[in-house]
Amino acid sequence: MENPRTVLLVLCFGFVGLCNAIESPQYSVVHSESDFEIRLYRNSTWMSAPVKDISFEKATRLGFHRLFQYIQGANLNFSRIAMTAPVLTSIVPEAGPLHSSAYFVRLYLPVKFEDSPPLPLPELSLKPYAWDSHCIAVRKFSGFARDSNIVEEAEKLAISLSRSPWANSTSSESSYAYSIAQYNSPFRFIGRVNEVWVDVNASEFDGCKFSGVATY
């Protein structure tokens, strides 16, 4: 018999409607093309789970399991925290076993916890992550985010950037290559939304604040 907590964990993963994930990090779209956009994200706080594993999919599951325990009350305040979106997995090349990738799985914390997030229980090996306002190039893709397709989607974003005014703008200060944002339950098969995120250095574009399009 399946553990009810495990079933809830699977159902909650990225499923905005079921888990009341009404909060997401706020951003403004400052540049938009047919296959990508540049967003200026505001300051925010995330909880981060480092994972060393060969598989992106397995690392995301393991990291999210720890994060889910944290928002369910496994913190020093015993606070329950609302589920948010997306679940973000950042890839750190050659930092894992046998020169494979390592990962940081992150969950955005609601604004009410931004200044003083509840401290996680030590055994979860989680750390708060303060995200300063910065620019991110984003490419959407459908279906499931898998080990077999995330590199291809990241390469498509890199090609699009190389053909745009944002060529050679990938941030050299970032500690990871790119991130995968997932928004849907694994039980949703139609209309899935995933995104590839990569930090961009927008200093030559007046801090990424030119030609504002929309704010979310």
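Source: prediction; values computed, not measured. (Residues numbered from 1 in each chain as written. Predicted model: local features only at pLDDT ≥ 70, side-chain atom pairs only at ≥ 80, totals over all residues. Heavy atoms only, no water.)

Visitor: Account for unusual backbone geometry, with residues named and values stated.
Guide: Note: most residues except glycine have negative phi, and most peptide bonds are trans. Cis rather than trans, the peptide bond between Ala 85 and Pro 86 has omega equal to 0°. With respect to the element layout, Pro 86 can be found in the loop between helix H3 (56–71) and strand S4 (87–92). One non-glycine residue with positive phi stands out, namely Phe 78, at about 55°. On the secondary structure map, Phe 78 appears in the loop between H3 and S4. (Helix = DSSP H or I, 4+ residues; strand = E, 2+ residues; numbered from the N terminus.)

Visitor: Describe the confidence of the model for the protein chain, listing the residues and the values that go with them.
Guide: On average, residues of the protein chain score 83 in pLDDT, and 77% of them reach the 70 mark or higher. Segment residues 1–21: pLDDT under 50, and 39 contacts once partners within four positions in sequence are set aside and those in other chains are kept. (pLDDT = per-residue confidence, 0-100. Contact = heavy atoms within 4.5 Å.)

Visitor: Tell me about the packing of aromatic side chains, and name the residues and values.
Guide: One pass over the full model with this rule turns up nine aromatic pairs. Summarising the aromatic geometry, the rings of Tyr 41 and Trp 131 are spaced 5.8 Å apart at their centres and angled 20° between planes, so their arrangement reads as stacked. Here Tyr 41 is found in strand S2 (residues 37–41), whereas its partner Trp 131 is found in strand S6 (residues 127–131), with 90 residues between them in sequence. Each ring, one from Trp 46 and one from Tyr 108, has its centre 5.7 Å from the other, and the planes form 70°; the classification is edge-to-face. Here Trp 46, found in strand S3 (residues 44–52), pairs with Tyr 108, found in strand S5 (residues 102–108); they are 62 residues apart in sequence, far enough to count as distant. Among the aromatic residues, those joined into a cluster by ring pairs are Tyr 27, Tyr 41, Trp 46, Tyr 108, Trp 131 and Trp 197. In this structure, Arg 39 is placed above the aromatic ring of Tyr 27, and the distance from its NZ or CZ to the ring centre is 4.4 Å. (Phe/Tyr/Trp six-rings, centres within 6.5 Å; stacked < 30°, edge-to-face > 60°. Lys NZ or Arg CZ within 6 Å of the ring centre and 35° of its normal.)

Visitor: Could you give an account of helix H4 (residues 150–162), with specific residues and numbers?
Guide: Quick reminder: α-helices carry 3.6 residues per turn. Residues three or four places apart thus point the same way. Given a rise of 1.5 Å per residue, 13 residues ought to cover 18 Å, and the 19 Å separating the end C-alpha atoms of H4 matches this to within 8%. When we look at burial in H4, the residues that qualify are Ile 150, Glu 153, Ala 154, Leu 157, Ser 160 and Leu 161. Down the axis of H4, the buried set is contained in an arc of 120°. They therefore lie on one face. Taken together, the buried residues of H4 touch S2, H3, strand S7 (134–141), strand S8 (178–182) and strand S9 (194–200). (Expected span 1.5 Å × (residues − 1). Buried < 20%, exposed > 50% of the residue type's maximum accessible area, 1.4 Å probe, protein only. Arc of directions from axis to C-beta.)

Visitor: Can you lay out the pattern of salt bridges for me, pointing to particular residues and giving the numbers?
Guide: Under the counting rule described, the total for this entry stands at eight salt bridges. A salt bridge links Asp 53 to Lys 58; the nearest nitrogen and oxygen atoms lie 3.8 Å apart. With a relative accessible area of 40%, Lys 58 lands in the partly exposed category. A salt bridge links Glu 195 to Lys 140, with the nearest nitrogen and oxygen atoms 2.7 Å apart. With a gap of 55 residues between them, Glu 195 in strand S9 and Lys 140 in strand S7 connect regions that are remote in the sequence. Under the relative-accessibility criterion, Glu 195 is labelled buried at 1%. Via salt bridges that share partners, Glu 37, Arg 39, Lys 140 and Glu 195 belong to a single interconnected network. (Salt bridge = Lys/Arg side-chain N within 4 Å of Asp/Glu carboxyl O.)

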